[in-house]
Amino acid sequence: GEQVEQLPSSLIVQEGASVLINCSYTDSASVYFPWYKQEPGKRLQFIIDIRSNMERKQTQRLTLLFDKKTKHLSLHITATQPGDSAIYFCSARLNTGNYKYVFGAGTRLKVIA
Amino acid sequence: GPKVLQIPSHQIIDMGQMVTLNCDPVSNHLYFYWYKQILGQQMEFLVNFYNGKVMEKSKLFKDQFSVERPDGSYFTLKIQPTALEDSAVYFCASSPRSNERLFFGHGTKLSVL
């Protein structure tokens, strides 16, 4: 079945720095990739998504790049703030079967003021 | 924005007892999911549900697990009997359509003693 891998597993950066979170998946039938952020003790919060017919999506300080050929995504966060500290999850959904979403293991980001 | 509500937020139970986790999904949503998260990390798919039926369940969805949504009320996850390894945070999620991102609840922390 589909597997999603995220790297790195954790990041510590100074406020203002940019970060890159990588995500790769195995099943070429995956067509939709929502990303979520989870602050400690809180629910997963949707932050950005991309569909397989796009290569790039940007919203405020987030840029999501998608390479269908290599089955790879990368999330770029610029001008990080302490409030960006959270676990970031990549997920993938197949276009076939029963519409389940498979998640990566998460990237724990800590932004130091 | 629309919110998924989960009740209770924390449940402590003795091994072997039955537990029911309740989820109040967003009102016009049609697809429902349960995920299990251990140690604040990996989000593991358990089951998804549509039109009164289970669509897909993972290997983690043991025979002791069941889900239902009687008459459009709460979407419930029942575990009977519970085991120590069932201790985790269980997240409910819902979605209006199969190709839309998930809306998550705050989670129910289940502690099996």
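Located above this text is the structure these notes cover.
Peer 1: So what's going on with the interface of chain A and chain B? Residues and values would help.
Peer 2: Note on interface size: it is often stated as the accessible area lost on association of the parts. Taken together, the 20 residues of chain A in the interface contact 23 residues of chain B. Of the roughly 2100 Å² buried at the junction of chain A and chain B (both faces included), carbon and sulfur atoms supply 48%. By the criterion of area lost to chain B, the three top residues of chain A are Arg43(A), Asn98(A) and Tyr101(A), representing 32% of everything that side buries. Here chain A and chain B share two salt bridges between them. Measuring nitrogen to oxygen at the nearest pair gives 3.9 Å for the salt bridge that ties Glu100(B) to Arg51(A). For the interface between chain A and chain B, the tally reads 14 residue pairs in polar contact (both at pLDDT 80 or more). Counting residues per element, the ones that place at least two in the side of chain A that touches chain B are strand S4 (30-38), strand S5 (45-51), strand S9 (86-94) and strand S10 (101-103) of chain A. When residues of the side of chain A that touches chain B are assigned to their parent elements, the largest contribution, four residues, is made by S4(A).

Peer 1: Which residues make up the sheet that holds strand S8 (residues 72-77) of chain A, and what values go with them?
Peer 2: Paired through their backbone hydrogen bonds, the strands of a sheet run either parallel or antiparallel. Residues and elements named next belong to chain A. Here five strands make up an open sheet; going across it, the order is S1-S3-S8-S7-S6 and the pairing antiparallel. Of all the strands in the sheet, the pair left with one neighbour each is strand S1 (4-7) and strand S6 (56-59). Pairwise comparison of adjacent strand axes, ignoring direction, gives a mean angle of 15 degrees for this sheet. Pairing between strand S7 (residues 62-67) and S8: six bridges, direction antiparallel. Counterpart to leucine 64 in the pairing with S8 is leucine 75.

Peer 1: Please set out the side chain of Lys36(B) residue by residue, giving values where relevant.
Peer 2: Residues and elements named next belong to chain B. Assignment of secondary structure puts lysine 36 in strand S4 (residues 31-37). Despite its burial, lysine 36 pairs with no opposite charge; the closest candidate is aspartate 86, at 4.6 Å N-O. Polar side-chain contacts of lysine 36 include one of 3.0 Å to the backbone oxygen of glutamate 85. The contacts of lysine 36, once residues within four sequence positions are left out, are Gln42, Met43, Glu44, Leu46, Glu85, Asp86, Ala88, Val89 and Tyr90.

Definitions and limits used
- Along each chain, numbering runs from 1 in the same order as the chain's sequence is written.
- Lettering for chains starts from A, numbering for ligands starts from 1, and both go in the order in which the items are written.
- Only residues with pLDDT of at least 70 get local features here, since the model is predicted, and only at 80 or more are side-chain atom pairs given and counted; chain-wide, interface and lining totals rely on the full set of residues.
- As a convention, hydrogens and water are excluded, and side-chain values are obtained from all of the structure's heavy atoms.
- By the convention used here, residues are in contact when the closest approach between their heavy atoms is within 4.5 Å.
- Buried surface area refers to the total accessible area, computed with a probe of radius 1.4 Å, that the two partners give up upon joining, counted for both partners together.
- A carboxyl oxygen of Asp or Glu within 4 Å of a side-chain nitrogen of Lys or Arg is what we treat as a salt bridge.
- Here a polar contact is taken to be a pair of N or O atoms separated by no more than 3.5 Å, where protein atoms must pair a possible hydrogen donor with a possible acceptor and residues adjacent in sequence count only if both atoms sit in side chains.
- Helix and strand labels come from DSSP, where a helix needs a run of H or I of at least four residues and a strand needs a run of E of at least two; each type is numbered from the N terminus.
- Here a strand pair is declared whenever DSSP counts at least two bridges between the two strands.
- Fitting a line to C-alpha atoms yields each axis, with helices limited to the stretch in contact; the angle taken between N-to-C directions then spans 0 to 180 degrees.
- Per-residue accessibility, obtained with a 1.4 Å probe over protein chains only, is compared with the maximum for each type, and a residue is labelled buried under 20%, exposed over 50%, and partly exposed between these values.
- By the counting scheme adopted, Arg and Lys are positive, Glu and Asp are negative, and His together with the chain ends is not counted.

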